[in-house]
Every structure is written in C-alpha cells, then in structure tokens.
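A look at the structure
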Amino acid sequence: MSYIPSRVISNEQIHGNYFMLAGRILRKPRKSPLPPQFAMVWVPGVDLIPLSYAYYDNDTVWFLYKVVGEGTKALSLKKPGDIIALSHPIGRSFIPEHDPVFLVGGSGIAPVLHYTKYLNRFRGIWGVRYGELAVRLIEKFPKLKLLTIASEDCTYGLCGKLTDVLDKISLSRGDVVFVAGPIEMVRQVCREFRASHQGPVYVIAETLVKCGIGICGSCVIDGILLCRDGPIVGCEHFG
Ligand SMILES: Cc1cc2nc3c(=O)[nH]c(=O)nc-3n(C[C@H](O)[C@H](O)[C@H](O)COP(=O)(O)OP(=O)(O)OC[C@H]3O[C@@H](n4cnc5c(N)ncnc54)[C@H](O)[C@@H]3O)c2cc1C
Ligand code: FES
C-alpha cells in the first residue's frame with residue numbers, strides 16, 4: 001500500500017481523551033475520501049491506526065480520535081509541522097439519497113462529521129459520556145445540532161446512555177439507519193432495531209485492520225472483509 005505524506009496543521013484536545021487532528025496532505029489521493037471511508041494513519045516509528053475521515057476539504061484532512069493505547073497516544077503528541085502519512089481512502093462510500101438516522105456512541109461520531117459535508121438533513125441520537133464533548137464538537141460542526149444528544153453525566157441533552165433513550169427516536173418505514181460506536185452498544189441497537197424497524201439498518205463498523213487491502217483476513221466480520229467491502233455492514237451481522 002502506498003502512503004501520502006501529510007503535515008500536521010493542528011492537533012487539538014477537544015475534551016478528555018478526544019483529539020482532533022488537521023493535516024495538509026502533500027500529494028493528492030487517487031480519489032477524494034467520501035463518508036464513511038477510512039485511512040490507515042501511519043504514526044512514524046510507532047503504529048498504523050485505522051481512522052475514519054472526519055472531514056476532507058481542499059487538501060486538508062481531519063480526524064477525530066480517542067486516545068486508547070500506544071498508537072493514538074503517540075498521535076496525540078504530534079505537533080504542527082510534524083509529518084504523518086495516510087493511506088489512500090479505504091472501503092466503500094455510501095451517501096444515502098434520503099435523510100438518514102444516525103444512532104452513534106462516543107467516537108462513532110467521527111464518520112458522521114464527514115457526512116455533515118454532504119447532508120443537510122439528518123437526525124438521530126449521539127450518546128456521550130460527558131456533555132462537554134458534545135458542546136465542544138457542536139461549536140466546530142454546528143450541523144450536529146440536528147442530532148439529539150444523550151449524556152451519561154446528564155450535563156447536556158437527555159440524561160443517560162444512547163441505549164437508555166432509544167425510545168425517543170421514531171422511525172418511519174424505510175428510514176435508513178446507521179449505527180456506529182462501541183461494539184456492545186452496536187449489538188444492542190442492532191438487536192432492538194432489527195426486530196422493530198422495517199427498513200435498512202447498517203453499522204459503520206470497526207474491527208482489527210492490518211493490511212487494509214483485503215489480503216490478511218484480520219478485519220473479517222461474519223465473512224465480510226471490512227477493508228474491502230465495509231466499513232458499512234448490515235446490522236444482521238451484529239445482532
Ligand atoms: C475502520 C475503522 C475506523 C476507525 N475510526 C476511528 C475514528 O475515527 N476515531 C477513533 O477514535 N477510533 C477509530 N477507530 C478505532 C481506532 O483504530 C483504534 O482505537 C486504534 O487503532 C487503537 O490504537 P492504539 O494503538 O491507540 O491502541 P491499542 O493498543 O491498539 O488498543 C488499545 C485498546 O483499544 C482496543 N481497540 C483497538 N482497536 C479497536 C477497535 N477497532 N475497536 C474496538 N477496540 C479497539 C484494544 O483491544 C485495546 O483494548 C477505527 C477503527 C477502524 C477499524
Ligand atoms: S485488513 Fe487485511 S484483509 Fe482487511
């Protein structure tokens with residue numbers, strides 16, 4: 001796989017262990033990334049990390065990431081001017097024709113940020129642990145106000161986890177639903193909505209990605225290679 005060198009423009013701590021990195025790509029990708037595609041982000045000397053494009057415009061790319069281990073920690077220490085490298089966009093893009101419904105938890109919001117570039121109307125729920133994260137991200141992406149926020153610390157929007165407030169969302173037959181976030185949340189939402197919703201329910205999936213080109217098999221979900229056929233996978237594979 002070839003990589004595109006990119007210069008870090010900013011790397012801001014949004015809240016807690018959530019960071020947003022903006023980088024200027026120094027060579028054009030074969031195709032501009034579209035949601036919900038992702039990149040393998042190379043942190044020199046440390047790791048390759050799969051991250052969803054959180055935005056892309058005019059040779060500038062944004063990633064929203066949560067620090068969970070060595071690779072994301074090393075990424076969070078990158079300063080303006082530092083060089084990282086990105087793979088060409090991986091996975092299939094999918095922009096629905098009708099206004100979708102997003103049911104997302106935590107860092108699952110990253111690909112939704114990229115959707116805000118292409119969609120003027122959407123709805124759904126974003127579950128966060130701390131309301132402050134939602135406040136900070138809405139400042140940067142005002143279209144997120146279209147989502148209902150549920151915060152576990154009860155400081156913003158509804159009080160509780162996403163899975164506590166699912167009954168606040170009413171779906172019409174045929175609404176396209178996207179689910180993204182921690183795997184247990186995804187499984188629970190898929191179980192509930194597969195039974196009750198008569199329309200497509202998709203997961204913007206995450207799993208272990210190594211080669212990113214469909215060779216190693218590490219990213220397989222129920223027979224589907226996430227890096228080749230994903231990252232959108234039918235909810236039936238998670239229920
Ligand atoms: C297609 C795709 C898109 C992604 N997009 C984003 C994004 O936009 N923002 C973001 O914050 N994260 C995203 N992730 C998850 C991110 O890739 C991992 O958090 C990161 O690779 C962890 O690397 P690390 O070296 O910091 O931690 P590691 O040391 O590798 O892992 C630390 C802990 O996190 C767990 N972990 C690692 N990867 C995952 C995963 N994929 N799912 C669940 N648990 C995991 C490990 O089991 C371990 O417990 C995405 C993953 C995939 C596959
Ligand atoms: S990451 Fe190797 S096959 Fe998908």
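These lines cover the structure that appears in this document, whether it is placed above or below. (Residues numbered from 1 in each chain as written. Chains lettered and ligands numbered in written order. Predicted model: local features only at pLDDT ≥ 70, side-chain atom pairs only at ≥ 80, totals over all residues. Heavy atoms only, no water.)

1. Some points on the overall build of the protein chain
The line we're drawing: Numbered from the N terminus, helices here are DSSP runs of H or I no shorter than four residues, and strands are runs of E no shorter than two. Only C-alpha atoms enter the radius of gyration; for comparison, a globular chain is expected to reach 2.2 Å times N to the power 0.38, where N is the number of residues. Whether a residue is buried, partly exposed or exposed follows from its accessible area with a 1.4 Å probe, protein chains only, as a fraction of its type maximum: under 20%, in between, or over 50%, in that order. Throughout, a contact is declared for two residues whenever any of their heavy atoms are within 4.5 Å.
What the protein chain contains, in helices and strands, is five helices and 16 strands. Over its C-alpha trace the protein chain gives a radius of gyration of 17 Å, about what one expects of a compact globule, namely 18 Å for 239 residues. Here the C-alpha coordinates of the protein chain stretch approximately 45 × 40 × 30 Å along the principal axes. Among the 239 residues that make up the protein chain, the fraction classed as buried is 49%. Across the protein chain, every contact between residues at least 6 apart in sequence was considered, and the portion connecting residues at least 24 apart equals 61%.

2. Quick look at empty space enclosed by the protein
For clarity, the threshold we go by: Of the two site types, the cavity is a set of points on a 1 Å grid over the protein atoms alone where a 1.4 Å probe fits but cannot get out, and the pocket is an open set with protein on both sides within 12 Å along at least five of seven lines, each lined by residues with an atom within 4 Å of a point. Grid points are joined across faces, edges and corners, and a volume is the space filled by probe spheres set on the points. Each residue receives one of three labels: charged for Asp, Glu, Lys and Arg, nonpolar for Ala, Val, Leu, Ile, Met, Phe, Trp, Tyr, Cys and Pro, and polar for the others, Gly being one of them.
Counted according to the given criterion, the structure contains one cavity of 30 Å³ or more. In this structure, the largest cavity is lined by I4, I25, P29, P33, Y53, Y56, V61, L86, S87, H88 and P89. A breakdown of the residues in the lining of the largest cavity according to their chemical character gives nine nonpolar, two polar and no charged.

3. Here we look at the pairing of strand 8 (residues 101-105)
Note the cut-off: A right-handed crossover is one whose linking path, passing over the helix from the first strand to the second, runs clockwise when the strands point away from the viewer. Only strands that DSSP links by at least two bridges are regarded as paired with each other.
Across the five residues that make up strand 8, a large majority, five, are buried. Assessed by its sense of winding, the connection that carries the chain from strand 8 through helix 2 (residues 110-115) to strand 9 (residues 123-128) is right-handed. Bridge count for strand 8 against strand 12 (residues 177-180) is four bridges, and the pairing is parallel. Bridging across to strand 12, F102 finds its partner in F178.

4. A word on the state of the cysteines
Selection criterion: Note that a disulfide, as used here, is simply two cysteine sulfur atoms within 2.5 Å.
Tallying each qualifying case throughout the model produces two disulfides. Note on cysteine connectivity: C190 is disulfide-linked to C235, with sulfurs 1.9 Å apart. Measuring handedness by torsion sign, the sulfur bridge of C190 and C235 sits at about -85° and is left-handed. In this pair, C190 is assigned in helix 4 (residues 183-196) and C235 in the segment after strand 16 (232-234), connecting sequence segments 45 residues apart. When its relative accessible area of 0% is taken as the criterion, C190 is described as buried. Residue C235 is classed as buried on the basis of its relative accessible area, which comes to 1%. By sequence-ordered numbering of the bonded cysteines, the protein chain has its disulfides arranged as 1-2, 3-4.

5. What about the site of ligand 1?
Keep this limit in mind: Here, proximity means that at least one heavy atom of the residue falls within 4 Å of the molecule or strand. Any pair of nitrogen or oxygen atoms within 3.5 Å is treated as a polar contact; in protein, a donor-acceptor pairing is required on top of that, and neighbouring residues in sequence qualify only through side-chain atoms on both sides. As used throughout, domain bounds are those supplied by an automatic or database domain assignment.
Near ligand 1 lie 20 residues; those nearest to it are P50, K66, G71, T72 and T207. Contact between ligand 1 and P50: an oxygen atom at 2.6 Å from a main-chain N or O atom of the residue. Take K66: an N or O atom from its main chain is 2.8 Å from an oxygen atom of ligand 1. Among the secondary structure elements, those contributing two or more residues to the shell around ligand 1 are strand 4 (47-52), strand 6 (60-66) and helix 1 (70-76). Within the shell around ligand 1, the residues separate by chemical class into ten nonpolar, six polar and four charged. For the shell around ligand 1, the two domains that each supply at least three residues are domain 1 (3-87) and domain 2 (101-237).

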